Every structure is written in C-alpha cells, then in structure tokens.
Amino acid sequence: MPKMVPLQSVVLFREGKRVRPQIGKVFNFTADEIEELTEASPECLRKPIAETDGDQAADAKEAAVGKAPTKEPAKSAAGGKKGNDEL
C-alpha cells in the first residue's frame, strides 16, 4: 500500500467501516483509493517528505528513552547563596 499524507478531511470505506485518516499524518492508502481521491480533489494528498509512520515514530521514541540522562542543577552547600562571604 502506498503511503501518502492527507491534506484535507478524507473518508474511506474499508470492509464496510468508515476510516478517517488523520490530516497531516502518514497513512497507507490503496492504489484505488489514491486514484479516486486525486480524481475528486487533486490536491488532497501528497507524498510523505520527512514524516515517519506511527510505528516508526513510536520505535524511535522508545529507543531514545533513557539514552539522554536528565541532569538536575547542582545545589550549593551554602544554601544557594552566592557572592561575597566577607560581610
């Protein structure tokens, strides 16, 4: 199935059920669906440029978790006071 990005609201019927791809997100369309949609509105779909589909994005997010440790700011022993100690 070719992956395309819907640029406007699209309603498909698959196996007797309505399917509404999310606008701006990669979706697997059939060749027949692409043909029908572009006939009705030539600008309703575009090829993905830099998007990833949901599965790849989830995998990338899971892989990134835990790799970059979160650093907390160091706390000073003087109770957070900075400056001249000779007052």
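In case you missed it, the structure is sitting above this.
Calculation rules
- Residues numbered from 1 in each chain as written.
- Predicted model: local features only at pLDDT ≥ 70, side-chain atom pairs only at ≥ 80, totals over all residues.
- Heavy atoms only, no water.
- Core = buried A, V, L, I, M, F, W, Y, C linked by side-chain atoms within 4.5 Å.
- Buried < 20%, exposed > 50% of the residue type's maximum accessible area, 1.4 Å probe, protein only.
- Contact = heavy atoms within 4.5 Å.
- Helix = DSSP H or I, 4+ residues; strand = E, 2+ residues; numbered from the N terminus.
- Pairing = 2+ DSSP bridges.

Asks: Help me understand the nonpolar core in this model?
Replies: A general feature of soluble globular proteins is that nonpolar side chains tend to end up buried together. Among the nonpolar cores identified, the biggest contains nine residues, and these are Met4, Val10, Leu12, Phe27, Phe29, Ile34, Leu37, Cys44 and Leu45. Excluding its chain neighbours within four sequence positions, the residues that come into contact with isoleucine 34 are Pro2, Met4, Phe29 and Leu45.

Asks: When you look at the side chain of glutamate 33 in this model, what are you seeing that I'm missing?
Replies: Here glutamate 33 is to be found in helix α1 (residues 31-40). A relative accessible area of 11% places glutamate 33 in the buried class. Among residues more than four places away in sequence, those in contact with glutamate 33 are Leu12, Arg14 and Asn28.

Asks: Please clarify how the sheet that holds strand β4 (residues 27-28) should be interpreted in this entry.
Replies: Within a sheet, adjacent strands bond to each other through the backbone by hydrogen bonds, running parallel or antiparallel. Judged by pairing direction, the sheet is antiparallel, and its three strands sit side by side in the order β4-β1-β5 without closing on themselves. The sheet terminates laterally at β4 and β5 (45-46), the two strands that pair on one side only. Bridge analysis of strand β1 (residues 3-6) against β5 gives two bridges, and the strand direction is antiparallel. Bridging from a neighbouring strand, proline 6 pairs with leucine 45 of β5.

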